[in-house]
Every structure is written in C-alpha cells, then in structure tokens.
Amino acid sequence: MSRRTSNYLYMGAIVALLAVVVIGLIPREAAVETDAERAHRIASGLRCPFCSGESIAEAPSGIGSDLRALIAEQVAGGMSDDEIFDYYVSVYTERVLLSPPLLGWGLILWLLPVLLLVAGILAVLGRRVRAGPLPSGAVLASRDALEDAREAVAMDLADLDMQEAAGELDPATGAQLRAAYEAERDALAATVIEPAADDGGRNRSRGRTVAGAVVLFGGALLLTVLVVVTVRDRAPGDLITGGIASDAQQLDFSTISNEELEETVASHPDSIPIRLMLAARYFTDGDYAAASEQYIEVLNRERHPEALANVGWMLHLGGDSASGLQLVEESLALTGELALPHWYLANIRYHGFGDAAGAVAPLDTLMAVETLPEVFRSLVAELLAEVEAAS
Amino acid sequence: MIAAVGLLCVLIALGAAGILSWRGLAAARSGEVNRKLLIQPAAVLLIAGIAAFFWLELAIVSHDFSIKYVANTTSRDTPFIFLLASGWAALEGSIVLWGMLLGGFVWFVVRRIRDGDRLAAGAAGIMGLVAVFWFGLMATVANPFEICTAPAVDAGCNGSSWSPLAAAMAPLDGRGANPLLQNHILMAVHPPLLYVGYVGFTVPFAFAIAALWLRQTGSRWLEVTHRWSLISWVFLTVGILLGAWWSYEVLGWGGYWAWDPVENAALLPWLVATAFIHSAVVQRKRGMLQAWNIVLVISTFALTVLGTFLTRSGVIFSVHSFTQSAVGPALLWFLGIVVVGGFGLFAARADVVGSSPRLDSLASREGVFLANNLLLTLFAFTVLLGTMLPLLVEAFAGNQVTVGRPFFDRAAIPLSFALLLAMGIGPVVPYRSARGEIVWERIRPGLVFGLGAGALAVVGAVRSVPVVIAVILGGFVVATIMRHYLMRVVAVRRTGVGWLGAAGRVINHEPSYWGGQISHLGLALAAVAIATSSGIAVRQSVTLAAGESMVVDEYCVEYLGPFTRVEANRSVTGVEVALMRADCSTPLKVMQPRLNRYPHADQAVATPDVRTGFVDDVYLSLSSLTSGGTVSFDVFVFPLMWFLWLGGIVTALGGSIALRAGRRTRESAVELSNVA
C-alpha cells in the first residue's frame, strides 16, 4: 500500500468516525429537563448548611435529604430556578451558593484565569526563537554555565544525528540546525570567561528576566503583607470584636433595640456573643426565622452549644426531629452545663420518637441541678412523672 | 519524666538543625566544605528526630495521660493500631512526624556530600534552616509533650503547661481517637504518605535556593535533585489517590473528590511539581527554561507550606479561627518568608538565571512542553484562586462566600482535555523542529482508535458530551503510547532478542521517557473513570420497607432488615440489602451500609458499602432508619470506577520506573537509536 493510499484510508476513517460521534451526540428532540433532573441540578449548586462542605445533592445526612425533599417540592410547586436560589440565600446568606456570582468578587475568579491564559499564550508565542548561530564570544556568567553550554551543544549535535537518521527532521532544517550548532560549538570552544563584558542581545534578555523577577517579588511581597495585616485580629478598642468577647456579655444591652443589634452584627459579623444575644431575643419572641438566621451565622463560625441546642429545638418544632436530635446531642457533647439542651433532649426523645425511657436520664440530670428555677423545676418534674408512667 | 525526655529530644534536634545550617551556609560561603563537619549535626538531627517521634509513641501506647496530647487524642479503649496512628493524627504529632521525615531527607542529602561541594553544603544549610523552623514549632507553640495541669472531670485535658517539670495532673482516661481516624485504617496511612511528598520537596527547594545564592544556576542542581523530586511526586500521587479512595469507601456522600480546601491543598503542589518534572526535562535535554524551573521549585515548596497552613491552622472554618492556635500565624509567617525570600533572591540573581534562546521552533517537543507547562500552571493557579478567594473575601470584605464544585469543574474539565491532548501528541513529537508528516504518521492510528472508542460509546447510548470526549482523548493517549512502544519493541526484536526481553529492554534503555509514558497511561485511564463516574453515573434515593425491592438502573435492591452489633471499638447500626440483577432473582451480594458509633464521640460515622464490578460499582449509603420500619438509602451506580484506582496506581508506578534512570546514559540511547 502506498504512502498516499494509507494516508487517505486514515483520513477517511477519522472523518467517518468523527461523523458517527457528532451525529450521535446531536440531541434528537429538544432535551426537556425532568423535574427530578432540575431539582438535582439546583441541589448541586447549593451548599448544605450544617454539613461539612458538600452540596445539598451530595450530603448524606438527614438535613441533606430533608432539603432535597424541600427542593423537589419547590420545583414541583412551579418556582423558578432564581426564586429557589433566592429563597436559600435569604435563609442562609450568600454562603450557600456554590457557584460564585458572575459579578462582584466572583468576577475576579472567572476573569483572572482567562487573563493568565492569554498572557501565557502570548509569552509562549513570544519566546525568542534562535536566529542563526549565537554570536561568537557570547558572555557566560560562570565556568559552570560555560561547561553546561558546551555539554548542551555536544548533546544537541549527537541527538541531531539520531533524529536525522530516524527521518524526524526535514533535510533542509536539519542542515540549517547543524550549521547553527557547529558554529555555536566553535564559538564556545573559543570562549573565555569575561564576566564584565556584555552584548546587546543578552542585555535585553536579562532586562526582561529582571523585570519579571521584580514583578513576581513585588506581587508576593504585597500579597503576603496584605494577608498578614488584614487577617490579624482587630484591636480590642474597636467596639465589639472577638478580642473582647467575654466582656461583651457583662455590659448592659437592655436599652439597645433589636435593630441596633442588627446593625452591630452587620458591622461586626464575627462577634458571636452579640449574635447569640440577638438570636435569643428572636427565639424568645417566637420569631424563629430571624432566630435561625442569626444562629446559623453563629454556627458557621463556631459550633456553639447554645446555638446548636436552639436550632435543634426549632428543627424539632418544624417537624425534623431526627436532625434536631442530632444537633441537641452535639450541643450536649460540647458542654453538659446548659440546662435547656437537657430539656430539649428529653422532649425530642419523648415527643419526637416516643422514646419515654430515653427521656428519663436527661430529666434526672436536670432535677439534680440545685440552682434550677422553681418554675422550671416543676415543669421538669411534671414531664418526668409523665414519661416514667409511659415507660 | 517522659515529657522531659521528649522535649529534650526536640531541643537537641533544634540545636543540631541550627548547627547544621550554620556550618552548611558558612562552608558554602567560604568554599571549604568538610563533609565530616556536616554529617555530625545531620546524624544528631536524624537520631533526635526519631527519638522524639518514638518517645511520643511510647507515651501514647503506655497511656501516659499526664501528657496533654495523649489525653486529648487517645483513650484506654482505643485499639493498638489506632494508638500508633494517633502519634501523627493530630496537629502536634503530625509536626513531630514531619520533623522526623525531614531529618531523614537531610541525612540522605548530607551523606552524599563530597568535600568541596559548595552547592550541596549550601543546600544542607538551607534544609537545616527549614528544620530549625519545624523543630522550633515543636519546642514552642506546638509542643507535643505539654504537661496536663487541668484534667477534665470525665476524660481528657483542659489546661496544660509547656514546662516538662510542671506538676502533672493526669485525667483518668483520654478523650479517644478521632472517629474518622478509627473508622478506616486508610485515614492512618494516607496523611504520612502525603507528608513524605510534602517534606521531600524541601530537597529541590534547598538546592535551588543554594544554587541561586552561590550563582551556580547551571543544570547541576537539577541533576542532583531529580531523584528527590520524583520520589516526592510519587508519594504525593499515592497520597492523593489513597485520600480519594478513602473518601469514596468511607465517607458516604458517593464521591471521591469534593474540591475541598484540604484536597486542593494536596493537589496544588502536585500540579506544580508535575509541571516542574516536565520543564526539568527541557532544561536537562535542551538547556532551556532555567529561570522557569527555579520559579516552579520555589512555588512547589511554598505550596506545600500553604497546604500545611490550610489544613493545620483552622483557617478554613473561618479566617479568624486560625489565630486560636499560634501554629497558624507561625506557618503564615514561614510561608511569607519562603515566598518573599525565595522570589527576592531570584530577583537579585536575575543576571545568572536567564538562559540564551535555544528554542529552534515552536512546532517541536519543546513547544509541547511549553504548552503543558502553561496548562498545568494555569490549572494550579485556578485551583489556588478558587481555594483562597473565599478566605480573602472574608478577610477583606467580611462576608462569607463559597467557591464549590461548579466553578472547579468548569475550569478543570477543559484544562484536563487540553492536557490529555498534549499528552497524546507531545511524546511523539520530535525535538527541535518537527516534520509535520512524521507527527501525523505517529498520531493517526491513535486518533482512529480514540475516535473508534468514542463512536462505540455513542453507539452504546452514551449521550454525555464530556464523557465521549474523555473516552476519545483517553483512547487516543493509550493507543498512541502503545503504538510507539510496540514499534520500539519490534525494532529491538529484530536484533534477535525475544519478545519479553525486547519489551523490558526498551524501558530499561530510557526509563525516564517510558516511566513518563506509563504515568500518562495511568492518567488517561483515570480521566476516563472520572468522566464516566460523574457524567453517566446513576443516583437514586430509595425508601423501602422490609421485604420490598426496587429496580435501580441494571440492578435490583431488596431491603432485608436492620442489624446492630458491637465491635471491638464501636457499635454498628446498619441495614442488610440484597443486591440482585435487574430480574430481582439473581443474587450478587448482601450489602451492609451502616452507621458506626464510637465511644467518646456523639456523631455517628456513616459508612457506605460498595460492590466493585468490572462494568460498574454499586454504592449504597444509608441515610436514615425510621421508627416505622422503613429505611432510606442512596443507591449510586458508577461505571468503570476501577479505572480510577488502577490508573492512579499505574501513574505512581510510572514515576517509580522513571526513578530508575540515574543520569541520562547517552550510550544506551545511541545504541537504541542504532537499533531503530
């Protein structure tokens, strides 16, 4: 078979197979997304709150499957994609969006890699290609460099022989390269080290290297300084910060309205005590939506036992006793000193799971607390009597 | 007493590291390198490092709860194997392991120093400085031998003192090992492997810095560190692979890679190191890319420090949480010094790193190498940006945001396709200036094979475009490499060698090249598996009562019933599910997805059950057991998953084969070419 025929055969095979692939992949009917597919796509774009970083679509926990069910309901109920995403952002903040926005800070994310790609392509295309032999007497920085260069050109010539024998190079190109390498070899053989001398070509290349190095150095310096400076803790004098968290609880906040507290947490998002206070106010007022929002902010920063217990209780009230129980248990694992989590635990076990026997232990713990307010104690005693009768 | 001895080991190692760096740098500066003067502190460093590590293990195994680390990471009922693993599973212990490994690398480098070798002495000095940092951490803010002074009422330790002479108050029991660690032995194995990779990159970094400092920027530092870079790369590859496998087999979310910052922290140095291994070939072969190689080596090392910072400082949970331990800021400063110092020195030595233009044409192997480096660097940069930007946004603007799978996937998929294409074409493109016909002749069989595989997939009803592209490119890479190899084997066979002999001889003559090709084969396999397991996987949530069954994809699952049992270190609640063919009568396996509960831990660890098959994996993950007697679980069907594990192993194997190449032996190459 001649060279030409085999070439045509290959071309034919490639075109035919490519056609099979392309025709096969053209959608026959306009693809209609089923509700399940749509729900899965939306769930993949939302981060599961209270999970360890997975999307709602992936999260194996009970909360994950609850939210998946909720999304399926929302899809079935005819909400648009944007409405569903907006709903989750309003409940859990922007943090639930796994896909960064196309505007604002997200722009950096989408744009910088593209810019780098363009710069990289330009840099590769702009690499100087050897134009003829290196000038004789080219200056090399050191004896090492000279030896390296001599070894490299010897290797080039040997490899060139091999490549020509294997027919890898055009004869004309090969001859041209050989001439260049031989000239370089001769030039290097005649070179002596003269560190002070210079020539235009090398100068320009050096200038570019210096410029690149300075940019790299400067960028690294700037970034390091910025990160170190910004990430450091804020000064204690700065109204309410993490630095004086323990003092914050002793101040009198009774004259401060919820709105003012909202402003404070907005300007100091990491102040956990203030958030807890605000959340507790909403929680006592029965405004569970607002309370959850604040508690979730707290939990995003710290697994705080009070927040865990109250969110657990709200989940239980909202019908998801399993997830609620999980959070209350986590709270109790962190500290047994808060009274309410024991109360929640007993109630969730008893009312949520019908587990009267399991409710006895936490209630006993509460009864043993001497400082328990009398009103609360009577409630506990009442429930204790009920569950003991039931079990 | 144990604490005092342990801390003493750490201090001795710190002193030895200080002496080593002083002597190494002084010798490199003066040129009077005396091997004996360097080998003494290196030996002390290694022995003290090993002693500190084993001393910590001894404290753990003997349940010495007067040491805070022991009290807070183990307990009396922790099984022995996990006691051992606890030695490196938490922050302080992991730094001790790190120090010991670094001591080992220092020893191997110093052992080979010859009198008068300034470059190696300088590198030993730099490695000594790095060791000063790590042992300094152990001696100050991350002291693993802190004494417990305030035991918790039940178990564990709430307060501690640095001084080993403080009055110890040991708790009755410890807090127990991390449940995730106890859940699977892989969690004990995979971090140390990653550490070997991380620590190993200290060697090329030290040599590059020494070469810059001493103005010896020729290719010698590259020749000397070639082995170390490859060893580190192989360990990093295996570490990442095992991490992915652990995630798949143990965490119940049905995947192996979540673009989690901790995973990215391991991927970043791997990507840049991969770029370095390729660009080093260009410098060794053609004398190009001198400056670029130094940039890549400094970046790789800086990324290993960044990775440690990300995983060990708590910064991921919130940028403000990392100051809770002094280790975070210390690592951040160290990173700053490495980046600013490294690139600063690079800038100061710019006059000696520029190489003369030796590129003959962009249409050549060198050109493809440049493209490969551009792609890998871009990949690393994008992952770095996606990992760091949420932290930066939180640090600067204060609001918490997330960058997740949608972004990473969108960036990684096209970059991976471009890399696969370069992987198929690059290795058969001649150096210098490629003749178009030659390249065409060499790639067209691979193209036909790849397109054929893609067409088969399409005919087999695969409709996912990324999967088909991955199959085409993967097939192209595999076929092109195999064709090239067979041509060589046939050529060698003509000299009268048997098939097997010829097959071995081809690789033996050029282990670097063929090792690389074997790695490429592995990556092509892995790429196909990654595409199929995400593009055409089946996922279904199933709720069944006992005795009910349901058909999912080509399988049928029947819920048999729940079970509970108590094992040595955990209590297990699970369900038995019979897996059958779609006819619901041919049994395949009884599967047991379960929840494991550990003492001292309240959260149960969900553990899936996987049936690995030739065509696909069936993966069951338990979500909930309701009181009404029904069970909810997720069923996943992942086609061709074993390609991923096999591909990963083959990739690491290729790296190990490349290790066998000492220096490039010209004679064998010439001999082979005469044969061809």
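Residues numbered from 1 in each chain as written. Chains lettered and ligands numbered in written order. Predicted model: local features only at pLDDT ≥ 70, side-chain atom pairs only at ≥ 80, totals over all residues. Heavy atoms only, no water.

Moving on, we get to the side chain of Ser533(B). Tracing the sequence through the fold places Ser533(B) in helix α20 (residues 511-535). Excluding its chain neighbours within four sequence positions, the residues that come into contact with Ser533(B) are Tyr256(B), Phe638(B), Pro639(B) and Met641(B). (Helix = DSSP H or I, 4+ residues; strand = E, 2+ residues; numbered from the N terminus. Contact = heavy atoms within 4.5 Å.)

A few words on the pattern of salt bridges. Applying the stated criterion to the full structure yields 27 salt bridges over all chains. Residues Arg41(A) and Asp81(A) are paired through a salt bridge, measuring 2.9 Å at the closest nitrogen-oxygen approach. On the criterion of sequence distance, the pair formed by Arg41(A) in helix α2 (residues 35-44) and Asp81(A) in helix α4 (residues 81-92) is long-range, its members being 40 residues apart. A relative accessible area of 37% places Arg41(A) in the partly exposed class. One salt bridge in this structure joins Asp159(A) and Arg432(B), with 3.7 Å as the shortest N-O distance. In this pair, Asp159(A) is assigned in helix α6 (residues 143-165) and Arg432(B) in the loop between α16 (405-425) and α17 (436-459), connecting two distinct chains. A relative accessible area of 0% places Arg432(B) in the buried class. One salt-bridge network, in which partners are shared between bridges, spans Asp156(A), Asp159(A), Lys285(B), Arg286(B), Asp360(B), Glu366(B) and Arg432(B). (Salt bridge = Lys/Arg side-chain N within 4 Å of Asp/Glu carboxyl O. Buried < 20%, exposed > 50% of the residue type's maximum accessible area, 1.4 Å probe, protein only.)

On to the domain arrangement of chain A, then. Residues and elements named next belong to chain A. Domain parsing of chain A yields domain 1 (3-122 + 222-232), domain 2 (130-199) and domain 3 (253-390). Spacing between the C-alpha centres of domain 1 and domain 3 amounts to 37 Å. Each partner contributes to the interface: domain 1 provides 9 residues, whereas domain 3 provides 8 residues. Together, the buried faces of domain 1 and domain 3 total about 800 Å²; carbon and sulfur atoms form 57% of this surface. There are 0 salt bridges connecting domain 1 and domain 3. Listing elements by their share of the side of domain 1 that touches domain 3, those giving two or more residues are α3 (62-76) and α4. (Domains from an automatic or database assignment. Buried area = accessible area lost by both parts, 1.4 Å probe.)

Turning our eyes to something else, we now look at the confidence of the model for chain A. Residue and element names in this part refer to chain A. Taken over all residues, the pLDDT of chain A has a mean of 77, while the share at 70 or more is 80%. Ignoring residues within four places in sequence, the model shows residues 135-139, a span with pLDDT below 50, making 8 contacts including any to other chains. Low pLDDT, under 50, characterises residues 232-252; the predicted model gives this stretch 20 contacts beyond four residues in sequence or across chains. (pLDDT = per-residue confidence, 0-100.)

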